[in-house]
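Survey of secondary and tertiary structure
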Amino acid sequence: MDTLTLDGRTFALERAAEPDVPGIVALLTDDEIGAGRESVDLAPYVEAFRDVDRDDAHLLVAVRDDDGVLVATMQLTLLPGLSRGGTKRLLIEAVRVASSTRGSGLGRALIGWAHAWGAARGATLAQLTSDKRRTDAHRFYESLGYTASHEGFKRPLESDAP
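Basis of the calculations
Residues numbered from 1 in each chain as written. Predicted model: local features only at pLDDT ≥ 70, side-chain atom pairs only at ≥ 80, totals over all residues. Heavy atoms only, no water. Helix = DSSP H or I, 4+ residues; strand = E, 2+ residues; numbered from the N terminus. Rg over C-alpha atoms; globule rule 2.2 N^0.38 Å. Buried < 20%, exposed > 50% of the residue type's maximum accessible area, 1.4 Å probe, protein only. Phe/Tyr/Trp six-rings, centres within 6.5 Å; stacked < 30°, edge-to-face > 60°. Arc of directions from axis to C-beta. Contact = heavy atoms within 4.5 Å. Pairing = 2+ DSSP bridges. Axes fitted to C-alpha atoms, helices over the stretch in contact; angles between N-to-C directions.

1. Considering the overall build of the protein chain
Of the regular secondary structure elements, the protein chain holds 6 helices and 6 strands. Listing the helices and strands of the protein chain from first to last along the sequence gives β-β-α-α-α-β-β-α-β-α-β-α. In terms of overall size, the protein chain behaves like a compact globule, its C-alpha atoms giving a radius of gyration of 16 Å where 162 residues would be expected to give roughly 15 Å. Principal-axis analysis of the C-alpha atoms gives the protein chain an extent of 55 × 40 × 35 Å. Relative to its 162 residues, the protein chain shows a buried fraction of 36%.

Here is the structure:
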């Protein structure tokens, strides 16, 4: 797909494939928050991967270093909408850089690449959510020009029927 070069290191960005799922799940669990909410059972992740992969509005990115090791991931989704004059949004989710690669500039480069990817597909607004406990991530996103302009809400969807 594409490459990013940072300080002499080359990172390959490609559409994730099903064999990448275990490595992506490992990235999702590579911090205290993720370790507490992700599962060791890969079956639901494989099923979710298949749903994401078959929809062209989604791109699950696998980032590999010079040695072919999976070191980062993010999920991009294009959301058409009527609000804001019919704005198409780029939703950036599940951004993870391996702890061994954090601080290399890869995260900043990935977000820049994501912006270009979305803009090339008609998106005029990028948005993301970040767990309130991820204060370092919030500073990072603010340094990229993001503002905490909205309050987000989440609710598990369980049957409310009697």
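From this point, the narrative continues.
2. As for the packing of aromatic side chains
One pass over the structure, following the stated rule, counts 2 aromatic pairs. Between Tyr 141 and Tyr 146, the aromatic rings sit 6.0 Å apart at their centres with planes inclined by 70 degrees, giving edge-to-face as the arrangement. Assessed through its relative accessible area of 11%, Tyr 141 is described here as buried. A network of ring pairs unites the aromatic residues Phe 140, Tyr 141 and Tyr 146 as a single cluster.

3. Overview of helix 3 (residues 43-53)
Within the span of helix 3, buried status applies to Tyr 45, Val 46, Phe 49 and Val 52. Taken around the axis of helix 3, the buried residues stretch over an arc of 125 degrees, which confines them to a single face. For helix 3, the elements touching its buried residues are strand 2 (9-15), helix 1 (21-28), strand 3 (58-64) and strand 4 (70-79).

4. Some remarks on the sheet that holds strand 1 (residues 2-6)
If you walk across this open sheet you meet the 6 strands as 1-2-3-4-5-6, and the pairing is mixed. Each end of this open sheet is capped by a strand with a single partner; those strands are strand 1 and strand 6 (125-128). Mean inter-strand twist for the sheet, computed between neighbouring axes without regard to direction, equals 25 degrees. Taken together, the 4 bridges between strand 5 (residues 89-97) and strand 6 define a ladder with parallel strand orientation. When the bridges of strand 6 are listed, Leu 91 appears paired with Gln 127. Strands in contact with helix 1 are strand 3, strand 4 and strand 5; relative to strand 4, the strand with the most contacts, it is inclined by about 90 degrees.

Function cannot be inferred from these measures alone, as they are strictly geometric.
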